[in-house]
Amino acid sequence: MTDLTSTDPTGTDLPRLSTAALPGIASDPSAATPTAVPSYDRAATRPGIVHIGVGGFHRAHQAMYLDRLMTRGRALDWAVTGLGVMPSDVRMRDALAGQDHLYTLTTKAPDGTEDRRVIGSITGYVFAPDDPGAAVRLLTDPSTRIVSLTVTEGGYNTDHVTGGFLTGQEHVAHDTAELRAGRTGDLRTFFGLVTAALAGRRAAGATPFTVMSCDNIQGNGDVARRAFTAFAEGVDADLAAWVRDHVAFPNSMVDRITPETTDDDRADIRRRGYVDAWPVVAEDYTQWVLEDSFTDGRPPLEEVGVEVVADVVPYELMKLRLLNASHQALCYLGYLAGHRMVHDVMADPRFRRFLLAYMEREATPTLRPLPGVDLDRYRHTLIERFGNTAVKDTVARLCAESSDRIPKWLLPVVRENLAAGRPVLLAAAVVAAWARYAEGTDEQGRPIRVVDRMADRLTAAAQGYRTDPLSFLRDREVFGDLVDEPRFTAAYARVLESLHTRGADATLDLLLAELDAEAAAGPE
């Protein structure tokens, strides 16, 4: 039984979010705006999805769509069981377990309008390190028909340049050896857990589940297919062939800006009269484009706004190269210019001009045809979304894990434009700003905390600019052969020098002046 009360910092006993507390939360007469709660009987739902990587985005996106369906009396057999694999996932396990796996989702529009709802579509959580065998049994159970993933861009264990699966990674090699030996009690990766369950399905002659990636990677389903098939190949070639032939890996494009939860967000919920250990705040905009490729059924997601299509590629290119790459375009220059909140960056009209110029001049020419989509409107909508003051997204969040993001979101734009003879100046400026940021100190000499799995290596390479202006680009695991492209390296080196000698603000002015001069000169 869940404890219904929790003492907030002011010393007042408040009800803790739980199934029993829902009627009081929904009917609180002191609330200025009502908090919606699940109208369906959660006890009557049945699990159908196991989600690996339960975090803010999953809870603001996929779980929200399922909650919408359940509110309509639909998809009650598609409840989500979370599966934690990383040691850090214990925090999410404990937060959700303490409140019957409920949580509050608050969406905030640019005009200040807020919508608040308790989401009930997650009904269980398994922390695999406690009992890997139990995790495998969960995945093997016939009720699990979809295994979905938000494991971050770097979670698929692939080489940035070749796209090949890194079989030598320590935990991957350990799990491969365990499964070869027929053991599942000490599996450490989601590759091992999922593959063990697929092997169990195959041995039983059962239908395999669908593996559905929801990560910000171009061709995320294809990436997942290659990764899981390569892992299975290391265990059993026949199993790998079966996975390749029988398991569906739909591609998808997902979109909702979801900043990290803060103590202020928790305090806001307390002001609503109850305690939520881990609420979620997101923008009001949301989009999900999903390839209709499933092995064992799916929820009717199209009924709640999901675009279920035959080909996701044009949509994902639009999002990854306009939205995600533009996030990288604003964050390093913005941080170096002294901004710490995304909306503060966007309050500067120069940054808005810079981002629109990148999107129009360099990103859009690399997109595929999108009939019926107004790209100009989409670009300007992104500028509005980035400027949403209510979301309170941080620049540091966007700067994190750049070695996983830049190669997937920005560098494909660079390579296509180089091959076509198109401009690369602004993308080169973004990479130069990343290099300057990765040095680990700002323009006032204050330390920058570089959050990246390759942080030490990146910082050492970035600091080598004094003797080698291209030192940062020489990491071929990240940049491939871009260091051999004179048109790119010339622009990169010029911007990096300006960042060091003039600073971010003056460099931004110089870039915009160069664009103005080109526009005034007209086409060659």
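Residues numbered from 1 in each chain as written. Predicted model: local features only at pLDDT ≥ 70, side-chain atom pairs only at ≥ 80, totals over all residues. Heavy atoms only, no water.

Looking at an unreviewed UniProt entry, the protein chain carries the name Mannitol-1-phosphate 5-dehydrogenase, with the source organism given as Corynebacterium bovis. For the record of the protein chain, the UniProt heading Sequence similarities (unreviewed entry) holds the text "Belongs to the mannitol dehydrogenase family." UniProt, in its Catalytic activity (unreviewed entry) section for the protein chain, records the words "D-mannitol 1-phosphate + NAD(+) = beta-D-fructose 6-phosphate + NADH + H(+)". (UniProt positions renumbered as here; feature names shortened; annotations may be inferred.)

Enquirer: How do you make sense of the UniProt feature "domain: Mannitol dehydrogenase N-terminal" (unreviewed entry) in the protein chain when you look at a structure like this?
Expert: Taking the UniProt record as the reference, the feature "domain: Mannitol dehydrogenase N-terminal" (unreviewed entry) is found at residues 48-302. Taken end to end, residues 48-302 is 36% helix and 20% strand, and its two terminal C-alpha atoms sit 18 Å from one another. (Helix = DSSP H or I, 4+ residues; strand = E, 2+ residues; numbered from the N terminus.)

Enquirer: Can you help me understand the side chain of Ser-326 in this one?
Expert: Within the secondary structure, Ser-326 is located in helix 11 (residues 313-336). Overall, the relative accessible area of 0% leaves Ser-326 in the buried class. Non-local contacts of Ser-326, meaning those with residues more than four positions away in its chain, are made with Leu-355, Tyr-358, Met-359 and Phe-386. (Buried < 20%, exposed > 50% of the residue type's maximum accessible area, 1.4 Å probe, protein only. Contact = heavy atoms within 4.5 Å.)

Enquirer: Please explain the environment of Ser-39 as it appears in this structure.
Expert: Summarising the element assignment, Ser-39 is placed in the loop between helix 1 (22-26) and strand 3 (47-52). A relative accessible area of 59% means that Ser-39 is categorised as exposed. For the pair Ser-39 and Gly-120, spaced 81 residues apart in sequence, the C-alpha separation works out to 9.4 Å. Not counting the four nearest positions on each side in its chain, Ser-39 is found in contact with Thr-71 and Arg-117.

Enquirer: Even after reading the chapter, I still don't get helix 21 (residues 486-501), so can you show me in this structure?
Expert: Because each turn of an α-helix spans 3.6 residues, side chains separated by three or four positions end up pointing in the same direction. The end-to-end C-alpha separation of helix 21 is 22 Å, in line with the 22 Å expected for 16 residues at 1.5 Å each. Packed against the buried residues of helix 21 are helix 11, helix 17 (411-420), helix 18 (425-438) and helix 22 (504-521). Gly-503 sits one or two residues past helix 21 and shows a positive phi near 100°. (Expected span 1.5 Å × (residues − 1).)

Enquirer: How should the pairing of strand 12 (residues 287-291) be read in this particular structure?
Expert: Regular strands have side chains that alternate between both faces of the sheet. Most of strand 12 sits inside the fold, with five of its five residues counted as buried. Across the two faces of strand 12 the burial is the same, with Gln-287, Val-289 and Glu-291 and Trp-288 and Leu-290 all buried. Relative to strand 12, strand 10 (residues 252-255) runs antiparallel, the two sharing four bridges. Note on strand 12: the bridge partner recorded for Ser-252 is Leu-290. Of the pairings in the sheet, the one linking strand 12 to strand 13 (residues 307-309) comprises three bridges and is parallel in character. Paired with Leu-290 across the bridge in strand 13 is Val-308. (Pairing = 2+ DSSP bridges.)

Enquirer: How do you make sense of the sheet that holds strand 6 (residues 114-119) when you look at a structure like this?
Expert: What the three strands build is an open sheet, ordered 6-5-11; its pairing is mixed. The sheet is open, and its two edges are formed by strand 6 and strand 11 (280-283), each paired on a single side. Taking the axes of each pair of neighbouring strands and ignoring which way they run, one obtains an average angle of 20° across the sheet. As judged from the four bridges shared by strand 5 (residues 103-108) and strand 11, these two strands associate in the parallel manner. Bridging across to strand 11, Leu-105 finds its partner in Val-280. (Axes fitted to C-alpha atoms, helices over the stretch in contact; angles between N-to-C directions.)

Enquirer: For this particular structure, what's the right way to read the packing of aromatic side chains?
Expert: Think of a pair of aromatic rings as described by two things: how far the centres are apart, and how the planes are tilted against each other in angle. Applying the stated criterion across every chain yields a total of 15 aromatic pairs. Here the aromatic rings of Trp-434 and Phe-479 are separated by 5.7 Å at their centres, their planes lie at 50°, and the arrangement is tilted. Of this pair, Trp-434 sits in helix 18 while Phe-479 sits in helix 20 (residues 476-479), and the two are 45 residues apart along the sequence. Considered together, Trp-434 and Phe-479 belong to a single accessibility category, that of buried residues. Connected via pairs of aromatic rings, a cluster forms that spans Phe-165, Phe-190, Phe-191, Phe-228, Phe-231 and Phe-249. Its end group placed over the ring of Trp-78, Arg-145 keeps NZ or CZ at 3.9 Å from the ring centre. The ring of Tyr-335 has Arg-340 lying over it, and the distance from NZ or CZ to the ring centre is 3.6 Å. (Phe/Tyr/Trp six-rings, centres within 6.5 Å; stacked < 30°, edge-to-face > 60°. Lys NZ or Arg CZ within 6 Å of the ring centre and 35° of its normal.)

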